[in-house]
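If you want the building blocks of each chain, they are given just below.
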Amino acid sequence: MDNFYDKNKSTVRVVKRNGRAEYFDMEKLELTIIRASLNSHLSDEEGSRIAREVVAKITVWMQDKEEVASEALFHKVWEFLKESHRDVAFMYGTHRDIS
């Protein structure tokens with residue numbers, strides 16, 4: 001699995017709703033989860049821990065994929081957050097609705 005994901009590069013393309021594709025950006029996802037955690041009144045440390053936990057699960061989920069729809073990625077992240085961080089999941093989903 002170490003070869004699957006380099007911190008700055010991914011072989012998995014994320015297809016946006018408008019059809020444009022870009023390579024999966026782990027840092028972008030981490031920051032989004034950290035922001036949702038901070039908006040849930042958690043500490044930076046707790047937000048970072050949650051982000052690392054979810055990104056690790058997403059990395060495993062994506063390892064056999066070449067391409068994933070942004071909608072599917074969003075829902076999978078939301079599901080993982082909802083398992084143990086319902087407030088963060090709510091903020092993550094709300095952020096998407098207003099951005």
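Our subject is the structure that appears above.
About the thresholds
- Residues numbered from 1 in each chain as written.
- Predicted model: local features only at pLDDT ≥ 70, side-chain atom pairs only at ≥ 80, totals over all residues.
- Heavy atoms only, no water.
- Pairing = 2+ DSSP bridges.
- Helix = DSSP H or I, 4+ residues; strand = E, 2+ residues; numbered from the N terminus.
- Axes fitted to C-alpha atoms, helices over the stretch in contact; angles between N-to-C directions.
- Contact = heavy atoms within 4.5 Å.

S.K.: How would you summarise the sheet that holds strand S3 (residues 13–15) if you had to cite specific residues and measurements?
M.R.: Ordered by their spatial adjacency, three strands build an open sheet running S4-S3-S5, and the pairing between neighbours is mixed. Looking at the sheet topology across the chains shown, the edges are occupied by strand S4 (21–23) and strand S5 (67–69). Neighbouring strand axes in the sheet, compared pairwise and without regard to direction, differ in orientation by 30° on average. Of the pairings in the sheet, the one linking S3 to S5 comprises three bridges and is parallel in character.

S.K.: Report on unusual backbone geometry, specifying residues and quantitative values.
M.R.: Even without glycine at this site, His-41 takes up a positive phi of about 65°. Within the fold, His-41 resides in the loop between helix H1 (26–39) and helix H2 (44–62).

S.K.: Tell me about the side chain of Ser-37, and name the residues and values.
M.R.: With respect to the helices, strands and loops of the structure, Ser-37 is situated in helix H1. Not counting chain neighbours up to four residues away, the residues in contact with Ser-37 comprise Leu-42, Gly-47, Ile-50 and Val-88.

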